[in-house]
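Structural description and commentary
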Number of protein chains: 2
Amino acid sequence: MAVKYTRTHEVSYYECDVNQTMTFPAMIGIAIKTSEEQSDALNRSTEFIHQFGLTWVITNYHFTIQRLPKVGEIIQITTQAMEYNKYFCYRNFWFHDKKGNELLKIESVFVLMDIQNRKMTSVPEEIIAPFESEKIKRIKRFPTIEKIEEGESLPYRVRFYDIDSNQHVNNAMYFNWMIDVLGFDFLTTHVPKEVNIRFDKEVEYGNEVMSHYEILKTDSIKSRHEIKIGDQLYCEANITWLLK
Amino acid sequence: MAVKYTRTHEVSYYECDVNQTMTFPAMIGIAIKTSEEQSDALNRSTEFIHQFGLTWVITNYHFTIQRLPKVGEIIQITTQAMEYNKYFCYRNFWFHDKKGNELLKIESVFVLMDIQNRKMTSVPEEIIAPFESEKIKRIKRFPTIEKIEEGESLPYRVRFYDIDSNQHVNNAMYFNWMIDVLGFDFLTTHVPKEVNIRFDKEVEYGNEVMSHYEILKTDSIKSRHEIKIGDQLYCEANITWLLK
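Residues numbered from 1 in each chain as written. Chains lettered and ligands numbered in written order. Predicted model: local features only at pLDDT ≥ 70, side-chain atom pairs only at ≥ 80, totals over all residues. Heavy atoms only, no water.

1. Quick notes on the overall build of chain A
Formally: Strands here mean DSSP runs of E at least two residues long; helices mean DSSP runs of H or I at least four residues long; both are numbered from the N terminus. C-alpha atoms define the radius of gyration, and 2.2 Å times the number of residues to the power 0.38 defines the globule rule. The rule is simple: take the accessible area with a 1.4 Å probe, protein chains only, and divide by the maximum for that residue type; under 20% is buried, over 50% is exposed, in between is partly exposed. Accessible surface is estimated by sampling points in the Shrake-Rupley manner with a 1.4 Å probe; for residues, cover comes only from the protein chains shown.
Each helix and strand in chain A was counted, giving five helices and twelve strands. Its C-alpha atoms give chain A a radius of gyration of 18 Å, within 12% of the compact-globule value 18 Å for 244 residues. With the principal axes as the frame, chain A shows a C-alpha extent of 50 × 45 × 35 Å. For chain A, the residues scored as buried account for 55% of the 244 residues in total. Put simply, chain A shows about 11200 Å² of open surface, and 47% of that area lies on carbon and sulfur atoms.

2. Comments concerning the nonpolar core
To keep things clear, this is the line we draw: In this description, a nonpolar core means a group of buried Ala, Val, Leu, Ile, Met, Phe, Trp, Tyr and Cys residues linked to one another through side-chain atoms lying within 4.5 Å. Only heavy atoms matter for contacts: two residues are in contact if any of them lie within 4.5 Å across the pair.
Counting 132 residues, the largest nonpolar core has F63 and F95 of chain A together with F63 and F95 of chain B as the members making the most contacts within it. When near neighbours in sequence (up to four residues on either side) are disregarded, F63 of chain A contacts F24, M27, I28, L104, K105, I106, F175, K193, E194 and V195 of chain A. V57, Y90, V109 and V111 of chain B belong to the second largest nonpolar core, which has seven residues in total.

3. Some remarks on the interface of chain B and chain A
So the rule is basically this: Two parts placed together each lose some accessible area under a 1.4 Å probe, and the buried area is that loss summed for both. Salt bridge, as used here: a side-chain nitrogen of Lys or Arg that lies within 4 Å of a carboxyl oxygen of Asp or Glu. Residue polarity is assigned by list, with Asp, Glu, Lys and Arg as charged and Ala, Val, Leu, Ile, Met, Phe, Trp, Tyr, Cys and Pro as nonpolar; anything else, Gly included, falls into the polar class.
With 41 residues of chain B at the contact, the number on the chain A side is 41 residues. Between chain B and chain A, roughly 3700 Å² of surface is buried when both sides are summed, and carbon and sulfur atoms account for 54% of that area. If you sort the residues of chain B by the area they bury against chain A, R159, F160 and Y161 of chain B come out on top, with a joint share of 24%. Linking chain B with chain A are four salt bridges. We note a salt bridge from R157 of chain B to D180 of chain A, for which the minimum N-O separation is 3.8 Å. Counting residues per element, the ones that place at least two in the side of chain B that touches chain A are α1 (24-41), β8 (152-157), α4 (173-180) and α5 (183-187) of chain B. Per-element accounting of the side of chain B that touches chain A gives the leading share, nine residues, to α1 of chain B. Looking at the side of chain B that touches chain A residue by residue, the classes come out as 20 nonpolar, eleven polar and ten charged.

4. Quick notes on the UniProt feature "domain: Acyl-ACP thioesterase N-terminal hotdog" (unreviewed entry) in chain A
Put simply, the rule is: UniProt positions are given in the numbering used here, feature names are shortened, and annotations may be inferred rather than shown by experiment.
Under the present numbering, the feature "domain: Acyl-ACP thioesterase N-terminal hotdog" (unreviewed entry) in UniProt falls on residues 4-131 of chain A. The distance from the first to the last C-alpha atom of residues 4-131 of chain A is 9 Å, and the span holds 21% helix and 41% strand.

5. Focus on the side chain of N170 of chain A
Going by this rule: Throughout this description, a polar contact denotes any pair of N or O atoms lying within 3.5 Å of each other; where both atoms belong to protein, one of them has to be capable of donating a hydrogen while the other can accept it, and for residues adjacent in sequence the pair is counted only when both atoms sit in side chains.
Among the secondary structure elements, N170 of chain A is positioned in the loop between β8 (152-157) and α4 (173-180). In terms of polar contacts, N170 of chain A uses its side chain to reach the backbone amide nitrogen of A172 of chain A, at 3.0 Å. In this structure, N170 of chain A is in contact with D162 and D164 of chain A together with Y13 of chain B, ignoring residues within four places of it in sequence.

6. Overview of the domain arrangement of chain A
Residues and elements named next belong to chain A. Here is the rule: Boundary definitions for the domains trace back to an automatic or database domain assignment.
With domains assigned, chain A is organised as domain 1 (4-135) and domain 2 (152-243). Just the C-alpha atoms count here: the centres of domain 1 and domain 2 sit 20 Å apart. Every contact between the two is made by 18 residues of domain 1 and, on the other side, 18 residues of domain 2. Overall, the association of domain 1 and domain 2 removes approximately 1600 Å² of surface from exposure, summing both partners, and the carbon and sulfur fraction of that is 55%. Here domain 1 and domain 2 share one salt bridge between them. The partner of E202 in a salt bridge is R118, with the nearest N and O atoms 2.9 Å apart. At the junction of domain 1 with domain 2, the criterion picks out seven residue pairs in polar contact (both at pLDDT 80 or more). Of all the secondary-structure elements, those providing two or more residues to the side of domain 1 that touches domain 2 are α1 (24-41) and β2 (54-65). No other element matches the nine residues that β2 contributes to the side of domain 1 that touches domain 2.

7. So, the relation of the copies chain B and chain A
The test is simple: A least-squares fit on C-alpha atoms brings the copies together, and the residues used are those whose pLDDT is at least 70 in both copies.
The two copies are related by a screw motion: chain B maps onto chain A through a turn of 180° and a shift of 0.0 Å along the axis, at an RMSD of 0.0 Å. The transformation relating the two chain copies, once decomposed into turn and shift, fits a two-fold axis. Rotation axis and chain B: the residue whose C-alpha lies nearest the axis is Y156 of chain B, separated from it by 4.7 Å. Take the interface residues of chain B: 100% of them recur as interface residues in chain A, which is what a same-surface contact looks like.

8. Re the packing of α1 of chain A against α4 of chain A
All names here are of chain A. The condition that has to hold: An axis is simply a line fitted to the C-alpha atoms; with a helix, the fit covers only the stretch in contact. Between two such axes, the angle follows the N-to-C directions and lies from 0 to 180 degrees. Angle categories: roughly parallel below 35 degrees, roughly antiparallel above 145, roughly perpendicular from 65 to 115, and oblique for all the rest. Definitions for this section: a left-handed crossing has its near helix turned counterclockwise from the far helix by less than a right angle. A right-handed crossing has that turn clockwise.
Taken N-terminus to C-terminus, the directions of α1 and α4 make an angle of 160°; their axes are 8 Å apart at the nearest point. Taken together, α1 and α4 sit at an angle that is classed as roughly antiparallel. For the pair α1 and α4, the crossing hand works out as right-handed. Taken together, the residues of α4 that come into contact with α1 (itself represented by F24, P25 and I28) are F175, N176 and I179.

Pasting the structure below:
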């Protein structure tokens, strides 16, 4: 059984939007901080990984949301490295309220990238062992991300504060561009239920991306998203929404 | 002597930019959180102020920076409501490192605004009394903000995540637009020493602002900033910089 790690967090006003609930970038921020704390506690810090010439890259998130955390709420964030195979590490995050009710779950896929040639490398035992996650042979499949059929788009310029210490865009920022296109009226009348996002390529400082989207209202309300530069896909997502 | 309030904070990676130091929006976020906690502790919460039909609005910040807080650093943020007159309340914030060295000071001006007619109102005794700040007759002057003489500009669209629970742009966001125009090369070779900013008018969702700027390199390195929509000024600032 893999090692769990939990931290307590009070949701600040600046982590929330006009709905008084946590934004996606804020949720990802605190989730990743929790996993970094676990890695530090197990002596597998970012600096340790860098000694191998490697760095962690996140390729997928799958959110299942019961209720978004609210301003002022005390929440607990738990993380666990679940399984890994030759190339992929599967990590879960759970957000709970004070009473222990699950607010949301994030399943994620991490890979190790060679810092020099930016290529994916196999996972060294020495890096992964302390997390005590299960070694598996198969590749876990995440839900298929449906492509946009008839969409609209808005341009976004990468800002200085969008880039992190690796000079790449923090992947929480993609949510900023994807969510913003939906507009005030949609975002104040709908709540996200499920999010499935894949990061394909790294956006860099100086880029201008197009945030493409399509809203479908059939049995369920769904939005499809693609972040592109020209024809090149950088990130794609599907979000399922509920009426508030 | 007015009541002081202090909170401890660990600087997260997502509060820092590529320089590994705290961004202006993150510093303002944690400063305001500290003053809100003090207000709550003194039973002068936002909800209490709303009962009077009023809300706090910040009109000025004056930063004096020794050193910016770094990723992973444990800092202490102290706040104190210093003085007030009929219309203006003067609040200070100090950031200290673990050893008690002052990292930076923020002097600020708060006013109370009528929520209905958006007009400034005089400060009721009942709201201000618990802070035990000194009542003064005079209006404290902040340094004059020099106007742009020959500037350039970039446009910024107000995004959904830029607006706060009052449906107005959180004033930390103006820093995003002002800082971004300076560009990667400038921002990774200079550190801010002093910032003087005045908020004149509230930007709203759906607006597109122009972020005007001018960099002067004489005895000292200074940038002048104006956030405008057309000819209308919304926010202006001067920043003094040091070479890294």
